[in-house]
Amino acid sequence: MGWKFLTRRSTLIEAQHCANLLESIGIRAQVRNRFLSGALGEIPQVEAWPQVWIPEGRDTAETLAALEAAAQDLSDRAPHWACESCGEWIEPQFAACWQCGAPRRAP
Ligand SMILES: [Zn+2]
């Protein structure tokens, strides 16, 4: 089966989160470009961002809309959390603090 590019995120955590969300609504997803970030200084940074790929037969716009809806649904249900290290409030979809990088502590 072939795969096609869906979207990219600036961090692997976010890209993996997108893939997890897609899987959670029944859409297969792959994260690519996992190890490219920072490795190739001469290409534009956005090109090195982790990418989310979906099966070739999927409609790109439809899948992006479904992804957005799933993310919205998740943030409606899950509360923000406070970083224990720096006190920053973090959106529920992130597993680590975007400010200091500390991992989320299980409640
Ligand atoms: Zn923090």
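Up top you'll find the structure we're talking about.
Numbering of residues starts from 1 in every chain and runs along the sequence as written. Only residues with pLDDT of at least 70 are given local features in this predicted model, and only at 80 or more are side-chain atom pairs given and counted; all residues enter the totals for whole chains, interfaces and linings. With hydrogens and water excluded, all non-hydrogen atoms of the structure serve as input to the side-chain values.

Engineer: Explain the overall build of the chain here, please?
Structural biologist: Along the backbone of the chain there are two helices and five strands. Helix and strand definitions follow DSSP, with helices as H or I runs of at least four residues and strands as E runs of at least two, each counted in order from the N terminus. In the chain, the order of α-helices and β-strands from amino to carboxyl end is β-α-β-β-α-β-β. A simple rule labels every residue: compare its accessible area, found with a 1.4 Å probe on the protein chains alone, to the largest value its type can have, and call it buried under 20%, exposed over 50%, or partly exposed in between. Buried residues in the chain amount to 29% of all 107 residues. We get accessible surface area from the Shrake-Rupley algorithm with a probe of 1.4 Å; when it comes to residues, only the shown protein chains can shield them. Working note: accessible area of the chain is about 6,800 Å², and carbon and sulfur atoms make up 52% of it.

Engineer: Teacher, can you tell me more about the coordination of the zinc ion here?
Structural biologist: Octahedral metal centres with six donors ideally show angles of 90 or 180 degrees, and tetrahedral centres with four donors ideally show 109.5 degrees. Water is absent from the atoms considered, so a metal site may look incomplete; donors are defined as N, O and S atoms within 2.8 Å of the metal, or 3.2 Å for Na, K and Ca. Taken together, the protein donors to the zinc ion comprise Cys-83 (SG), Cys-86 (SG), Cys-97 (SG) and Cys-100 (SG), at separations of 2.3 Å. Four donors are marked tetrahedral only if all angles between them lie between 85 and 135 degrees, whereas four are marked square planar and six octahedral if opposite donors are more than 155 degrees apart and the other angles lie between 65 and 115; the remainder are marked irregular. Geometry at the zinc ion is tetrahedral, judged from its four donor atoms and the angles of 105 to 118 degrees they form at the metal. When the donor residues of the zinc ion are listed from N- to C-terminus, their spacing reads C-x2-C-x10-C-x2-C. Note that Cys-83 is positioned in the loop between β4 (81–82) and β5 (89–90) and Cys-97 in the segment after β5, a separation of 14 residues in sequence.

Engineer: Where do I start with the nonpolar core in this structure?
Structural biologist: Note on soluble globular proteins: their nonpolar side chains tend to be buried together. Remark: nonpolar core denotes a set of buried residues (Ala, Val, Leu, Ile, Met, Phe, Trp, Tyr, Cys) joined through side-chain atoms within 4.5 Å. Membership of the largest hydrophobic core comes to 13 residues, with the highest contact counts inside it found for Leu-6, Leu-22, Ala-29, Val-52, Ile-54 and Leu-67. Of all the secondary structure elements, the ones that give two or more residues to this core are α1 (12–24), β3 (51–55) and α2 (60–77). For this core, the element with the highest residue contribution is α1, accounting for five residues. Contacts of Leu-67, omitting those with residues within four sequence positions, involve Arg-9, Cys-18, Leu-21, Leu-22 and Ile-25. Residue contacts are counted whenever heavy atoms from the two residues lie within 4.5 Å of one another.

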